[in-house]
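Residue-level structural notes
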Amino acid sequence: TGEHRDVDILVTQRWMSREGAEQMRRARACGQITVGELDDDFWSLRKTNLAYATTDPKANPTFNRDHYWNMLGACDAITVSTEALRKRVERLNVPTFILRNAIDIARWPQNDPAVGFISWIGGIQWRSYDLHQLRAVGLPDFLLEHGLQCYHGGDSDVPGVDKFWDQVGFDPVKVQCAIAKLCSIEEYPKLWGPVGVSLIPLEKVAFNEAKSWLKALESCAAGVPYV
């Protein structure tokens, strides 16, 4: 909206540009307090996650997770959402504060679980094998045996990205699956409209172990049980 010359505290989120650390040093030299935000363990990403390539220093020399690390190290303070992330950055020797993820519940409509679908909300392109965990617990057979429908909120419709049923392992001809497209963060609560039961599958890897309880909070805000 314009240039600001009266900044006292500078808070940045996911600043991966090459000049990030230097910008923090300049800001501090001007008397500004700098705070870097961290909400994911980018240094534990597996190659199967799209973000691994997009933040890879070799593939992206001017915008990557190494620059992000250096930027965080140049800040006055760091905020993280989990204890695991606090441990990740402790060797930077920068004061770090845990700010738990929260929900603005007033923006969330309450669902009736009795009329909703078994559902998953999220963008598949930013996942590795999370949805594959639903195969191991028998979700495809469960849906088929009980004649249940399901729902995926957040379909990317990007060429080369699997569909929900491909990841979970069921035939969309035999098991009906409703989908809704990815949307802006302002519209995000509306994706939860058809949800009756929220599934939150996570592969047991270091990247996921650093995640917060946000998806469970969103399920609670929508008024639906989660697994």
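Reading the values: rules and limits
- Residues numbered from 1 in each chain as written.
- Predicted model: local features only at pLDDT ≥ 70, side-chain atom pairs only at ≥ 80, totals over all residues.
- Heavy atoms only, no water.
- Salt bridge = Lys/Arg side-chain N within 4 Å of Asp/Glu carboxyl O.
- Helix = DSSP H or I, 4+ residues; strand = E, 2+ residues; numbered from the N terminus.
- Buried < 20%, exposed > 50% of the residue type's maximum accessible area, 1.4 Å probe, protein only.
- Arc of directions from axis to C-beta.
- Contact = heavy atoms within 4.5 Å.
- Pairing = 2+ DSSP bridges.
- Axes fitted to C-alpha atoms, helices over the stretch in contact; angles between N-to-C directions.

Regarding the pattern of salt bridges
Applying the stated criterion across every chain, the model contains 16 salt bridges. Residue Asp40 is joined to Lys211 by a salt bridge in which the shortest nitrogen-to-oxygen separation is 3.6 Å. A residue pair is termed long-range when its members are at least 10 positions apart, and Asp40 in the loop between strand S2 (33-38) and helix H2 (50-54) and Lys211 in the loop between helix H8 (206-209) and helix H9 (214-222) qualify at 171 residues. Classification of Lys211 by relative accessible area gives partly exposed; the value is 28%. Taken together, the shared-partner salt bridges in this structure form one network comprising Asp155, Asp157, Lys163 and Lys181.

Remarks on helix H1 (residues 20-29)
When H1 is considered as a whole, its buried residues turn out to be Gly20, Ala21, Met24 and Ala27. Down the axis, H1 shows its buried residues gathered within 125 degrees of arc, on one side only. Residues of H1 that are exposed and angled more than 90 degrees away from the buried face: Arg26 and Ala29. Each element contacted by the buried residues of H1 is listed here: strand S1 (9-13), S2 and helix H3 (65-73). Following H1 by one or two positions, Gly31 has its phi on the positive side, about 95 degrees.

So, the sheet that holds strand S4 (residues 96-98)
Spatially, the 4 strands line up as an open sheet ordered S1-S2-S3-S4, and their pairing is parallel. Because the sheet does not close on itself, it has two edges, and the strands there are S1 and S4. Here the average twist between neighbouring strands, direction ignored, is 25 degrees. Two strands pair when backbone bridges link them, and S2 and strand S3 (residues 77-80) are joined in this way by 4 bridges, in the parallel orientation. Each residue of the ladder has a partner; that of Val35, found in S3, is Ala77. Most of the contacts of H3 go to S2, to which it runs at about 140 degrees, and overall it touches S1, S2 and S3.

A look at unusual backbone geometry
Positioned with a positive phi, Asn93 is a non-glycine residue whose angle comes to about 60 degrees. Positioned with a positive phi, Asp157 is a non-glycine residue whose angle comes to about 55 degrees. The topology assignment puts Asp157 in the loop between strand S6 (150-155) and helix H7 (164-168).

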